[in-house]
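# Coordinate analysis (summary)
Now for the letters of each chain:
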Amino acid sequence: SPSGNVTVDGKSYQTDEWHNLSSNITASISRRLHVQKDHPISITRSIIESRFPSPTFKYHNNFFPVVSTQQNFDSLGFPVDHPGRSKTDTYYINQETVLRTHTSAHQADVFRANESEGWLISADVYRRDAIDRSHYPIFHQMEGARMWDRTKAPNGDIAAAVLKDIEALPKHSMKVEDPNPPTHPERNPLQKEHSLTEAEAIAAHLKKSLELVVVEIFSRAKAAAVSANPDFVDERLKVRWIEAYFPFTSPSWELEIFWQGDWLEVLGCGVVKQDIMDKAGQPQQLGWAFGMGLERIAMLLFEIPDIRLFWSKDERFLGQFRGLSENLDNLRRFVPFSKFPSCYKDVAFWLRSSSSSAGGGSRANTQDFHENDVMEIVRDIGGDVVEDVAKVDEFAHPKTGRRSLCYRINYRSLERTLTNEEANGYHEQVRKALVEKLGVELR
Ligand code: PHE
């Protein structure tokens, strides 16, 4: 039943009809991989932190994962109808309380506290999403910001101070594509409180600081790979800035890395909207913020092939990182243990037609079906034994208009060979749960 209580890391919360946490999520909240000594996520965090030194930057690594919708969305200017707020994308404890979907949920509070010119927040974040080798419903982000105070700048213009700080950063020779103009009149306007030289200086400091993170990661990845596979780090490494949109920065960008044939998005960033600073009681401060996914970076750094591995308690995984925290200049690439056989199983079903669902109370009618609900059911039952879920077929009945979908579930353990009986057992439970929870009709 939807109303009751749920306990997250010792704190109790009232649930309501918005509640959509599954037990495997609740059980993993306490893992805090980003602060586990010698865990690759924690090692990656330390390396990035070293590019943003204390005391200019203050590190926050212990913020609680349960936040209000005010913190996660409203404080950042997300409109009320933003898709990120929907129950299909976000884990709700109750209507006003969520598991943070990004570390930006803490921006306003940290800005308000105003304890340092810069800060980094590393934390676990939660999103209902697809299942594959680079997506997991829990992952880790690092948020960073650097502010300059107008009242401390000559004539209230911070551009000169920012340019001086850029000169103090190390040089690098990495090739970076940055083809777009710095602002766009509609999508990414210059803020009215900023002069163009200020915004450009902040953007240049931001981009340079983050490029240096990439250089840092890749030089360590390269050193780590030399002993194992010298071809691993491609000399043709390419990095590019592309225009982006976030409700809380303007202008905004994403950084992409060309990695073994694909452009990977590794972070979002931009010039902090002055409105956020005004509401935090700091209208005199301006600067930048970024949010970066730590798993993606750790996967590049160690060449870890599957995101589920980060959750493994298997010594064959964890043992490979032991002692590295004290040895960051001597990282070793991850050596995969043998790949166990996979077992594909398909499930095909009809969604209810929109009209018949009205009385039936089913959520999965043709109109409001959302794939993330399938993902969640599969993850809840199969846990980390599911490698991948992909839609392999879809069609609408020519007369009734009812939709039919077919998903292929790839069962494969990272740690052992699954028997066909085990895979069948999981699959049978998945089929049942799809009927019970989504009201679909199996084909
Ligand atoms: N919170 C954004 C995300 O998760 C990233 C971001 C952080 C963008 C800070 C801009 C500034 O996608």
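First, a word on scope: everything that follows refers to the structure included in this document. (Residues numbered from 1 in each chain as written. Predicted model: local features only at pLDDT ≥ 70, side-chain atom pairs only at ≥ 80, totals over all residues. Heavy atoms only, no water.)

Moving on, we get to the overall build of the protein. The number of helices and strands found in the protein is twelve helices and 17 strands. On C-alpha atoms alone, the protein measures out to a radius of gyration of 23 Å, which is about the 22 Å that the 2.2 N^0.38 rule sets for 443 residues. Each of the three principal axes of the protein carries a C-alpha extent, and together these read 70 × 55 × 45 Å. Considering the protein as a whole, with its 443 residues, one finds that 53% of them fall into the buried category. Summarising the internal contacts of the protein: among those between residues at least 6 apart in sequence, 69% fall at separations of at least 24. Taking the average location of the 54 positive side-chain charges in the protein and that of its 62 negative ones, the two points are 3 Å from each other. (Helix = DSSP H or I, 4+ residues; strand = E, 2+ residues; numbered from the N terminus. Rg over C-alpha atoms; globule rule 2.2 N^0.38 Å. Buried < 20%, exposed > 50% of the residue type's maximum accessible area, 1.4 Å probe, protein only. Contact = heavy atoms within 4.5 Å. Lys, Arg positive; Asp, Glu negative; His and termini not counted. Charge placed at Lys NZ, Arg CZ, Asp CG, Glu CD.)

What follows concerns the sheet that holds strand β3 (residues 57–60). Spatially, the eight strands line up as an open sheet ordered β3-β7-β8-β13-β12-β11-β10-β9, and their pairing is mixed. Here the strands that pair on one side only, and so sit at the sheet edges, are β3 and β9 (176–177). Sheet topology note: the β9/strand β10 (residues 238–246) ladder contains two bridges and is parallel. Along β10, the bridge assignment pairs Val176 with Val239. (Pairing = 2+ DSSP bridges.)

This next bit is on the site of the ligand. Looking at the ligand, there are 14 residues lining it, with His102, Ser104, Arg127, Gln141 and Gly291 nearest. With respect to the ligand, the side chain of His102 contributes an N or O atom lying 3.1 Å from a nitrogen atom. For the ligand, whose free accessible area comes to 330 Å², the fraction covered by protein is 90%. Mapping the ligand onto the cavity grids shows that it belongs to the largest pocket. When contributions to the shell around the ligand are tallied by element, the ones reaching two or more residues are β8 (138–149), β12 (262–272) and β13 (285–293). No other element matches the three residues that β13 contributes to the shell around the ligand. Broken down by class, the residue content of the shell around the ligand amounts to five nonpolar, seven polar and two charged. (Near = heavy atom within 4 Å. Polar contact = N/O pair within 3.5 Å; in protein donor to acceptor, adjacent residues only side chain to side chain. Areas by Shrake-Rupley, 256 points an atom, 1.4 Å probe, with all protein chains shown as cover. 1 Å grid on protein atoms, 1.4 Å probe; cavity = no way out; pocket = protein on both sides within 12 Å on 5 of 7 lines; lining within 4 Å. Sits in = over half its atoms within 2 Å of the grid points. Nonpolar A, V, L, I, M, F, W, Y, C, P; charged D, E, K, R; others polar.)

For Arg146, the position within the fold is in strand β8. Residue classification places Arg146 among the buried positions, given a relative accessible area of 7%. Between the C-alpha atoms of Arg146 and Phe290, which are 144 residues apart in sequence, the distance is 9.4 Å.

This part takes up the pattern of salt bridges. Scanning the entire structure with this criterion turns up 31 salt bridges. Residue Arg403 is joined to Glu394 by a salt bridge in which the shortest nitrogen-to-oxygen separation is 2.9 Å. By relative accessible area, which is 35% here, Glu394 ends up partly exposed. One continuous salt-bridge network, built from bridges that share partners, spans Asp306, Arg308, Glu387 and Arg412. (Salt bridge = Lys/Arg side-chain N within 4 Å of Asp/Glu carboxyl O.)

So, about the pairing of strand β11 (residues 249–259). Each regular strand carries side chains that alternate between the two faces of the sheet. Most of β11 sits inside the fold, with ten of its eleven residues counted as buried. As judged from the eight bridges shared by β10 and β11, these two strands associate in the antiparallel manner. Across the sheet, Glu243 pairs through a bridge with Trp253, a residue of β11. Where β10 folds back onto β11 in an antiparallel hairpin, the turn is made up of two residues. One ladder, built from nine bridges, connects β11 with β12; its direction is antiparallel. Opposite Glu256, over in β12, you have Glu265 as the bridge partner. Where β11 folds back on β12, the antiparallel hairpin that results is connected by two residues, among which Gln260 adopts a positive phi of roughly 50°.

Bear in mind that shape data such as this cannot, by itself, settle questions of function.
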